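# Structural overview for review
Residues per chain, in single letters:
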Amino acid sequence: MLHSILILVHAGTAVTAFVLGCLLLATLPTSAHAARFVAFFWCLIASMTLLVTVVAVDWIQLNVTKRIAFGVLCALAVYLVLRVLQARSVLVRKPPNWRKALIGHVGFVMISLFDGFCIVSAIDLRLPPWLIVTVAVLGVVIGVVVIRALVRRDAAAAPAEAA
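This section reports on the structure supplied with the text. Since the model is a prediction, treat every value here as computed from it, not as a measurement.

What follows is about the layout of surface pockets. Size it by volume and the largest pocket reaches roughly 1100 Å³. As for the largest pocket, its lining consists of 29 residues, of which L51, F70, L73, G116 and V120 are closest to the centre. Of all the secondary structure elements, the ones that give two or more residues to the lining of the largest pocket are helix 1 (2-27), helix 2 (34-58), helix 3 (64-93) and helix 4 (98-124). Among the residues forming the lining of the largest pocket, the class breakdown is 21 nonpolar, four polar and four charged. A volume near 180 Å³ is recorded for the second largest pocket. Around the second largest pocket sit F18, C22, L25, G107, M110, I111, F114, I142, G143, V146, I147 and L150, which together line it. Contributing elements (two or more residues each) for the lining of the second largest pocket: helix 1, helix 4 and helix 5 (129-162).

Here's what the structure looks like:
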């Protein structure tokens, strides 16, 4: 029962973080979007904390392969928290090229979440391992293409906003 509740809340906060991250990237953050970033930040923190909690709760029941896989996922969760902390720092300090840096940090988190959704869906559909790997790689490729397009769009919009 605890496992199911943790998974449900983890998935809910991850999906919410993903939606908020998409909105952040789509609207190019300004000071008016601070509340949206704060919500994105805390949803991502909650989601990653819940992921680590689920793994800790289930650890004894996991076989060696799953312990390795979930250990790697927990390491990724910690790295995503570091990236969202860096994004917050960039948003607060606003150094030169802050928008590009913010898109990079948030974009990395978004690609990771998207890839996680793709991989979990592929596993739940009981797709063969080669197809799960293909889905994971395609998720990263699509994410990188989208983030690069956002960086180009922001670079094109920046001179117009300065004028």
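Next comes the rest of the description.
Turning our attention to the packing of helix 3 against helix 4. The geometry of helix 3 relative to helix 4 is characterised by a closest axis approach of 9 Å and an angle of 155° between their N-to-C directions. Relative to helix 4, the element helix 3 lies roughly antiparallel. When you trace helix 3 past helix 4, the crossing you get is left-handed. Contacts from L76, Y79, L80, R83, V84, Q86, A87, V90 and L91 of helix 3 reach helix 4 at W98, A101, L102, G104, H105, V106, F108, V109 and S112.

About the cut-offs
- Residues numbered from 1 in each chain as written.
- Predicted model: local features only at pLDDT ≥ 70, side-chain atom pairs only at ≥ 80, totals over all residues.
- Heavy atoms only, no water.
- 1 Å grid on protein atoms, 1.4 Å probe; cavity = no way out; pocket = protein on both sides within 12 Å on 5 of 7 lines; lining within 4 Å.
- Points joined across faces, edges and corners; volume = space filled by probe spheres on them.
- Helix = DSSP H or I, 4+ residues; strand = E, 2+ residues; numbered from the N terminus.
- Nonpolar A, V, L, I, M, F, W, Y, C, P; charged D, E, K, R; others polar.
- Axes fitted to C-alpha atoms, helices over the stretch in contact; angles between N-to-C directions.
- Parallel < 35°, antiparallel > 145°, perpendicular 65-115°, else oblique.
- Left-handed = near helix turned anticlockwise from the far one by under 90°.
- Contact = heavy atoms within 4.5 Å.

Distances and angles like these do not, on their own, reveal function.
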